[in-house]
Amino acid sequence: MDYLYWLDQIQPSERYLVGDKAFYLSQLAQQDSPVVPGFVVAAPALREFLENYDWREPLFAELLNSSLHLNVDDARQLQEIAQHIRQEIVAAEFPREWIGQLASAGEMLRASALIFRPSITLPSSAASYVEISGLLECHVCLCDPEEIALAVLQTWAELFRARSLLYWQRCGVQLQQLNMGVLVQPVWEAIAAGKLIAKPTEFEIHSTWGLGMALELGQIIPDVHRIDARTKELLHQQRGHKYLAYDFAFHDWQSEIVYPEMSLLSTYSCLQPYAVSEDRQQQFALDPSNLVRLIERADKVRGNYPTPFVLEWIVTARTEDWESQLYFRGADFGVSQIPMLAPGDPAPVAETSSPAEKTEAENMDEKIVGIGAAGGQAIAPAYVIQSKETPPDAVPPGQIVIAEAIAPAWLGLVRHAAGLVTERGGITSHAAILAREFGIPAAIAAPGITQRITTGDLVFLDGDTGEISLVTEDNSLEVKADPKRLLPDVAQSMVAQQTPAPIGSQAEDLSSPSPLFEYPIATQLFVNLSHPSALDRIGAVPLDGVGLLRSEMMALETFQSLPPSQWVHSEKTPAFIEKIATHLTQIAQFFFPRPVFYRSLDLRGSGEIAEESESTAASSRREHPLGLHGAFSYLLDPALFDLELAILARVQQAGYPNIRLILPFVRTVEEFSFCHRRVERAGLTQVNEFELWMMAEVPSAVFLLPEYVKAGVQGISIGCNDLTQLLLAADRENQQMSAAFPAAHPAVMRAMHQLILAANAAAIPCAVCMGASAASLEMVNELVEWGIRAISVEPPAIEGTYRAIARAEKRLLLDAARQQRDNLNP
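Cut-off values and rules
- Residues numbered from 1 in each chain as written.
- Predicted model: local features only at pLDDT ≥ 70, side-chain atom pairs only at ≥ 80, totals over all residues.
- Heavy atoms only, no water.
- Helix = DSSP H or I, 4+ residues; strand = E, 2+ residues; numbered from the N terminus.
- Buried < 20%, exposed > 50% of the residue type's maximum accessible area, 1.4 Å probe, protein only.
- Contact = heavy atoms within 4.5 Å.
- Pairing = 2+ DSSP bridges.
- Arc of directions from axis to C-beta.
- Phe/Tyr/Trp six-rings, centres within 6.5 Å; stacked < 30°, edge-to-face > 60°.
- Lys NZ or Arg CZ within 6 Å of the ring centre and 35° of its normal.
- Axes fitted to C-alpha atoms, helices over the stretch in contact; angles between N-to-C directions.
- Core = buried A, V, L, I, M, F, W, Y, C linked by side-chain atoms within 4.5 Å.

(A) Spotlight on the overall build of the protein chain. What the protein chain contains, in helices and strands, is 26 helices and 30 strands. For the protein chain, buried positions account for 58% of its 826 residues. A sequence separation of at least 24 residues applies to 69% of the contacts in the protein chain between residues at least 6 apart.

(B) Up close: the pairing of strand E5 (residues 179-186). Within E5, 7 of the 8 residues are buried, which leaves it mostly tucked inside the rest of the structure. In the sheet, strand E2 (residues 39-41) pairs with E5 via 3 bridges, with the strands oriented antiparallel. Across the sheet, Val-40 pairs through a bridge with Leu-183, a residue of E5. Across 8 bridges, strand E3 (residues 113-121) lies against E5 in antiparallel orientation. Its bridge partner lying in E5, Phe-116 is registered against Val-184.

(C) Broad picture of helix H21 (residues 700-711). When H21 is considered as a whole, its buried residues turn out to be Ser-700, Ala-701, Val-702, Leu-705, Tyr-708 and Ala-711. Down the axis of H21, the buried set is contained in an arc of 135°. They therefore lie on one face. The exposed residues of H21 that point more than 90 degrees off its buried face are Phe-703 and Lys-710. Those residues of H21 hidden inside the fold are in contact with helix H20 (669-681), strand E27 (692-696), strand E28 (716-719) and helix H24 (746-761).

(D) Quick peek at the packing of aromatic side chains. The final tally for this structure, using the stated rule, is 12 aromatic pairs. Seen in terms of ring centroids, Phe-94 and Trp-98 are 5.8 Å apart; in terms of plane orientation they differ by 70°. Their pairing is edge-to-face. Taking relative accessible area as the criterion, Phe-94 reaches 4% and is therefore assigned buried. Since its relative accessible area comes to 5%, Trp-98 is described here as buried. Three or more aromatic residues link up through ring pairs in this structure, and these residues are Tyr-3, Phe-49, Phe-94, Trp-98 and Trp-156. Sitting over the face of the ring of Trp-209, Arg-280 holds its NZ or CZ atom 4.0 Å from the ring centroid.

(E) Geometry of unusual backbone geometry. Here the bond from Phe-592 into Pro-593 is cis, since omega is 5°, no more than 30 degrees from zero. Assignment of secondary structure puts Pro-593 in the loop between helix H16 (573-591) and strand E25 (596-599). Unlike most non-glycine residues, Asp-32 shows phi in positive territory, near 65°. Position of Asp-32 relative to the elements: it lies in the loop between helix H2 (20-30) and E2. Although it is not a glycine, Phe-665 adopts a positive phi angle of roughly 50°. For Phe-665, a relative accessible area of 4% translates into the label buried.

(F) Quick look at the sheet that holds strand E8 (residues 223-228). Pairing is antiparallel across the open sheet formed by 6 strands, whose spatial order is E9-E8-E7-E6-E13-E14. Lying at the two open borders of the sheet, with one neighbouring strand each, are strand E9 (234-238) and strand E14 (326-332). Looking at each pair of strands side by side, their axes are set apart by 20° on average, direction ignored. Sheet topology note: the strand E13 (residues 309-316)/E14 ladder contains 6 bridges and is antiparallel. From the neighbouring strand, Ile-314 faces E14, where its bridge partner is Tyr-327.

(G) Structural context of the nonpolar core. Of all hydrophobic cores here, the largest spans 131 residues; its most connected members are Phe-591, Ile-716 and Met-752. The element best represented in this core is helix H19 (residues 639-653), accounting for 8 residues. In this structure, Ala-149, Ile-191, Ile-227 and Tyr-274 belong to the second largest nonpolar core, which totals 86 residues.

What follows is the structure, encoded as structure tokens:
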């Protein structure tokens, strides 16, 4: 393979072969700056791969020589073509002769894992301000030949994401003008990491513990140091909120607990998150000596390059072979809102104002960073809810709702919001789940947001990064909503009315099956829903039905703040019956004849739904440590459960026999038997297609499944969220704990494995109900291998889950074929 270039040997004439990121980093390395070593798979390798591979379609042979003639304003066409291209590239067979050379080069880096970064050189004709930072994702893998080959393919495929194709066209860049190398570097164990932004008059440093992935993913609030670039004086520093970090394994220098085999992102699957101890959270990640060292080295770079620029840095862990060191692992001289300078271009004029002349307000951070809970962006007026207990009478549609926490009774009020922001709560909280289902951008764990924003303020929210900021006349040009996620109807209303309007995330158009879904899968794929209005986001995707239809939101829309104990005999009861029956009929009709699994109401004895908000959690737990909810609450008062059964019977009688029933939070066989008798009494079992399932989310189900089957259970659906929090005593509503205890924990995986085996042995179907995180996708391969019958996910996760299932099933078929071959040719 003639396309490998080592960082410390790249020449200026080779810039367009390796890309700017690798080129600038190589220049720093050759100027004796401490740079993480590495090599580059040069841009011609991608061209040769596309031209010489035996593609099934002629499109790929001319891919980099064609503009594809895309109408990027047609979101459906753009998404379908991008998905198809990336699917084919990642599934292609990497040239065998290249794999050995890449593996040898990887071994020379002497690391357990490698990171692959796209490195692009843009043409000089590109727009003056070209922002590609964050546009293309990097990939991490173990230093294994097959993993390395896959990581290169995945990195190449980044060039053809829908957002990338749209961006190249918006910037007037043709595909044939792009030169993308793949920068490969070792992933070292780290004490701290971050980035330094060199401005004309100051250095701004962001830092966190570990490898820095939590900072890149927007999961934490970093420490910030601002240094006068001329005097090297400290102008300002602020300690962040660094409760989560990433690394490989336990090291002597760490006092934190590391949780093995837990991955929060598929692109970082070989890394481990760990919860940072309280003591270390109160410390700056960058100690004074390394802070001084970083400033000195950045100042040396500043003497050779015009500002502004960004340096990514890392402080490695001390080992037996060397002391901890500070290295640069990335350098960008064409970053957000920074001109891309061509060789020979004059440096930008330095600012004339002194930092000392800035007001206190200007020195304050204008952005508040929480944790992204539901993807998308919004710019809209804020609606701040200060009260923790009293629900608002109404929330104007199209506004960003900001509250300490979203109480369950408020969910019906915020469904038409432009976005949600809370100070508390977890990724798996009910509000976060619903936000993802309805395509509403959301951020959680935003400290002090209710005090820093007032109702009526124009706010920018990014649900992917968790960033929230005020939009003012001074910074309106700096707040850039992603154009690929601007809804057409919203754009038209903004132009027509010239008033602030919400910018929601571009809901992925799935109204017709894309080429992605042409690959058949045997594992059933279901969707989780809470309301029929979410059907618009599903369209004609070839789903096998609804795996979990949550009933709470539909009920709360009717009763709002009225406690459940009064629902049965309330004057609103007829309206409740009519609304639920109408919603169920609408969903059953949409999916007919595919099954719709309705989960009966999961209400606490205190009147809260099971996924209670953080603001009500403490008082509820003092009275009921685990809450009197689920099937046990039906024993205490079956009236509401009987009312639901009557509604289901009504839908059956309307001609929709595809309604099924799932019982929530079943603790004992006796609880199930009680419910089973009432289901039979309601006449539901007289319809042949009807099935009675239970959620397998209480750990007792792991040990009692044969007894449940004897009592009449016809299927189980594993509830990952509750099973995880009950097995690990991890509060799903606490963002620190929910981040540190994902469903991929070994204890949870073993429990699910046992449930699947027991269900298969009892000849009943077993499904699993998962969220939308990439961590959930990590589990798919093992679930399919173990024999899971169905997987049910939130709407944003449909595409990723389908792809993960297809990949897992193909792997099983390939392994079976190889085994058969080996048996025939011993």
